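Each chain, written out:
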Amino acid sequence: MDYAHSAQTLVQLSYLAAAFLFIVGLKRMSSPLTAVSGVRWAGVGMVLATIVTLGYVGLGDNPDVRLNVALIVGAIAAGGVLAWVSGKRVAMTDMPQMIALYNGMGGGAAAAIAAVELYGGTEQSTTHLTIAAVGGFIGSVSFSGSLIAFGKLQGLITKSVRFSGQKLVNLAILLATVGFGVVVVSGYSDGPLAVSAFFGFALLLGIAMTLPIGGADMPVVISLYNALTGLAVGFEGFVLDNAAMIIAGTVVGAAGTLLTQLMAKAMNRSLANVLFANFGESSAAGGATVTGTQKAIEASDAGVMLAFSQKVIVVPGYGMAVAQAQHKVWELCQLLIEHGVQVRFAIHPVAGRMPGHMNVLLAEAGVPYDLISDLDEINAEFETADVALIIGANDVVNPDARTNKASPIYGMPILAADKAKNVIVIKRGQGQGFSGIDNALFVLDNTRMLYGDAQSAVGQLIQAVKAAG
Ligand code: NAP
């Protein structure tokens, strides 16, 4: 066996090992118990694939090989430093826009590979160019769309641009992209102008598609772009004949698609609605109006109520994340457990602002996983709870979703906190949740409002429970 052949075999085997590591990593990420190790497994796979690719390029017979290796090492160093610094600095609440940014970079990288192929001319077969163009198209849309999503979540873009005939304009941009794509791959025009027009329109499409979307649906959009990035990487893997890219891209594409569907379902939106409606419009304020008054409670009384309960179910939401109250919440729960109270945590799939948001925060605070249940597991148990303690959650406990057909969130599965004997809601005031609607739970007879920032209100509850003996 000659040297080149053995090197090829080794490279392919390494890619297989990297793919195995990605898949095991992803599997482990599906449980909070094993998620951290899952990230490490996938990380090792990524490092392996990168080193092997680098070595492969270094071994190639390309005369520009030194320059290529220098460029790759430079890119890895710059990207690595930027990712390390931003990863260390980012606040938990800013994680969605961070994911949007990283995701966009993946799409952009796939599009860049396609650009190299397409600008390279028509020496390649039509099939080869078509695969490159499809991946380039998807990657470009994902790149520019993700950047807009980042801008919106970061507060850099504050308006949702909407005008009549917008869908027609988007359709025209799509057709122009496809048109130039056909011109490029058919070899009708092999000049750089057609390729540039193809990429220009594809990038414009990503921007035009994302601009009208309200912040409300942005996490679903980010997840969708994540799936698209995976798909684009998979296509470019075929172009480069790189097994690791094909497998990793397919896995990311499939995982992103499943996550998008899961989020859409938990928000009671169809995928088609997410894709083609003016996102956020359906969840804009309006629809149901809630009548009745909210009844306040003092922390001292709420503390006594909690201390003398048998069973308390805690429902955390976005407000707990904003207040960074998770450590105090766990401190309170430990105190209650010492008092002989049975404590459980109920997590709604879209509580907070990103999938798994609450799980991550509770894990950070050291809450044992066996105390945490998801919606399906816990909903029947609210009836047996003495207190449902809602901490900065709103939409995910709005009973209108179950009972009021006029409500914009009607049909969304919610945590049945209203079924508990008593409900204590911690929030700062009369502020609405993400969907911008009033909450019927807050005016129920068995609900009491403990107004204040989640962290300080829970701090007061801790003092009150201690005082209750
Ligand atoms: P929510 O409906 O957005 O409500 C959060 C509540 O927290 C607000 O009503 C606010 O009321 C209160 N709050 C804010 N800051 C606070 C603080 N410092 N201390 C105490 N309370 C504070 O939250 P949610 O129940 O978690 O529901 C999540 C929403 O996000 C859903 O509508 C979901 O569809 C949407 N969403 C989630 C995801 C996801 O992946 N998780 C993705 C997309 C959309 P005050 O202003 O009165 O304090």
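A short tour of the structure in this document, coming up. (Residues numbered from 1 in each chain as written. Predicted model: local features only at pLDDT ≥ 70, side-chain atom pairs only at ≥ 80, totals over all residues. Heavy atoms only, no water.)

### Considering the site of the ligand
For the ligand, the set of nearby residues contains 30 residues, the closest of which are Gly352, Asn394, Asp395, Arg428 and Asp453. Glycine 429 is positioned such that a nitrogen or oxygen atom in its backbone is 3.1 Å from an oxygen atom of the ligand. In the model, an oxygen atom of the ligand is placed 3.0 Å from a nitrogen or oxygen of the phenylalanine 434 main chain. Here the ligand loses 95% of its free accessible area of 920 Å² to cover by the protein chains. (Near = heavy atom within 4 Å. Polar contact = N/O pair within 3.5 Å; in protein donor to acceptor, adjacent residues only side chain to side chain. Areas by Shrake-Rupley, 256 points an atom, 1.4 Å probe, with all protein chains shown as cover.)

### What to know about the layout of surface pockets
Counted as a void, the second largest pocket has a volume near 790 Å³. Tyr318, Arg353, Asp395, Gly433 and Phe434 are the residues nearest the centre of the second largest pocket, which is lined by 43 residues in total. Taken together, the elements giving at least two residues each to the lining of the second largest pocket come down to α12 (318-323) and β5 (422-427). Broken down by element, the residue count for the lining of the second largest pocket peaks at four residues, all from α12. (1 Å grid on protein atoms, 1.4 Å probe; cavity = no way out; pocket = protein on both sides within 12 Å on 5 of 7 lines; lining within 4 Å. Points joined across faces, edges and corners; volume = space filled by probe spheres on them. Helix = DSSP H or I, 4+ residues; strand = E, 2+ residues; numbered from the N terminus.)

### A short note on the sheet that holds β5
Pairing within the open sheet is parallel, and its six strands lie in the order β3-β2-β1-β4-β5-β6. Each of the sheet's edge strands pairs with one partner strand only, and the pair in question is β3 (372-374) and β6 (447-451). For this sheet the average axis-to-axis angle between neighbouring strands, irrespective of direction, equals 25 degrees. Seen against the sheet, helix α11 (residues 299-307) touches β1 (311-316), β4 (387-391), β5 and β6 and runs at an angle of roughly 135 degrees to β5. Running over the sheet, helix α14 (residues 357-365) touches β1, β2 (342-347) and β3 and is turned about 145 degrees from β2. (Pairing = 2+ DSSP bridges. Axes fitted to C-alpha atoms, helices over the stretch in contact; angles between N-to-C directions. Contact = heavy atoms within 4.5 Å.)

### Re the pairing of β5
Of all six residues that make up β5, five are buried, and the element is covered over most of its length. Both β4 and β5 contribute to a ladder of five bridges, which runs parallel. Residue pairing across strands places alanine 388 opposite valine 423, the latter belonging to β5. Both β5 and β6 contribute to a ladder of five bridges, which runs parallel. The partner of valine 425 across the bridge, within β6, is methionine 449. (Buried < 20%, exposed > 50% of the residue type's maximum accessible area, 1.4 Å probe, protein only.)

### Quick word on the packing of helix α4 (residues 95-119) against helix α8 (residues 218-240)
The interhelical angle for the contact between α4 and α8, taken along N-to-C directions, is 25 degrees, at an axis separation of 9 Å. The angle between the axes of α4 and α8 places the two elements in the roughly parallel class. Crossing geometry of α4 relative to α8 is assigned as left-handed. When α4 is examined against α8, the residues Pro96, Ile99, Ala100, Asn103, Gly106, Gly107, Ala110, Ile113, Ala114 and Glu117 are found in contact with a partner set consisting of Ile222, Tyr225, Asn226, Thr229, Ala232, Val233, Glu236, Val239 and Leu240. Per-class residue counts for the contact of α4 with α8 are twelve nonpolar, five polar and two charged. (Parallel < 35°, antiparallel > 145°, perpendicular 65-115°, else oblique. Left-handed = near helix turned anticlockwise from the far one by under 90°. Nonpolar A, V, L, I, M, F, W, Y, C, P; charged D, E, K, R; others polar.)

### Topic: the environment of glutamate 377
Looking at the secondary structure, you find glutamate 377 in helix α15 (residues 375-378). For glutamate 377, the side chain forms a polar contact with the main-chain nitrogen of aspartate 374, separated by 3.0 Å.

### Considering a nonpolar patch on the surface
Side chains of Leu26, Met29 and Val39 sit close together on the surface and give an oily, nonpolar patch of about 240 Å² of accessible area. Along the chain, leucine 26 turns up in helix α1 (residues 3-29). (Patch = residues over 30% accessible without salt bridge, like charges linked within 9 Å, V, L, I, M, F, W, Y side chains within 5 Å. Salt bridge = Lys/Arg side-chain N within 4 Å of Asp/Glu carboxyl O.)

### Overview of helix α6 (residues 166-185)
Residues spaced three or four apart along an α-helix face the same direction, because each turn holds 3.6 residues. The end-to-end C-alpha distance of α6 is 29 Å, a good match for the 28 Å that 20 residues give at a rise of 1.5 Å each. Within the sequence span of α6, burial applies to Gln166, Asn170, Ile173, Thr177, Gly181, Val184 and Val185. Each buried residue of α6 sits inside an arc of 95 degrees when the element is viewed along its axis, so together they form one side. In α6, the exposed positions that point more than 90 degrees away from the buried face belong to Leu168 and Leu175. Those residues of α6 that are buried are in contact with α4, α5 (126-153) and α7 (192-210). (Expected span 1.5 Å × (residues − 1). Arc of directions from axis to C-beta.)

### Some remarks on the packing of aromatic side chains
In total, this model carries three aromatic pairs according to the counting rule given. Both rings, one in tyrosine 119 and one in phenylalanine 199, keep their centres 6.5 Å apart while their planes meet at 20 degrees; by these two values the pair is stacked. Of this pair, tyrosine 119 sits in helix α4 while phenylalanine 199 sits in helix α7, and the two are 80 residues apart along the sequence. Note on phenylalanine 199: relative accessible area 9%, which makes it buried. Ring geometry for phenylalanine 198 against phenylalanine 199: centres 5.1 Å apart, planes inclined by 65 degrees, an arrangement best described as edge-to-face. Comparing phenylalanine 198 with phenylalanine 199 shows no difference in burial state: the two are buried. By the ring-pair criterion, three or more aromatic residues cluster together here, those being Tyr119, Phe198 and Phe199. (Phe/Tyr/Trp six-rings, centres within 6.5 Å; stacked < 30°, edge-to-face > 60°.)

### Regarding the side chain of asparagine 446
Looking at where asparagine 446 falls in the secondary structure, it is placed in the loop between β5 and β6. At 2.9 Å, the side chain of asparagine 446 and the backbone oxygen of alanine 420 are in polar contact. Beyond its immediate chain neighbours, meaning those up to four positions away, asparagine 446 contacts Asp418, Ala420, Lys421, Asn422 and Val423.

Note that every value here comes from positions in space, so none of it alone points to a role or purpose.
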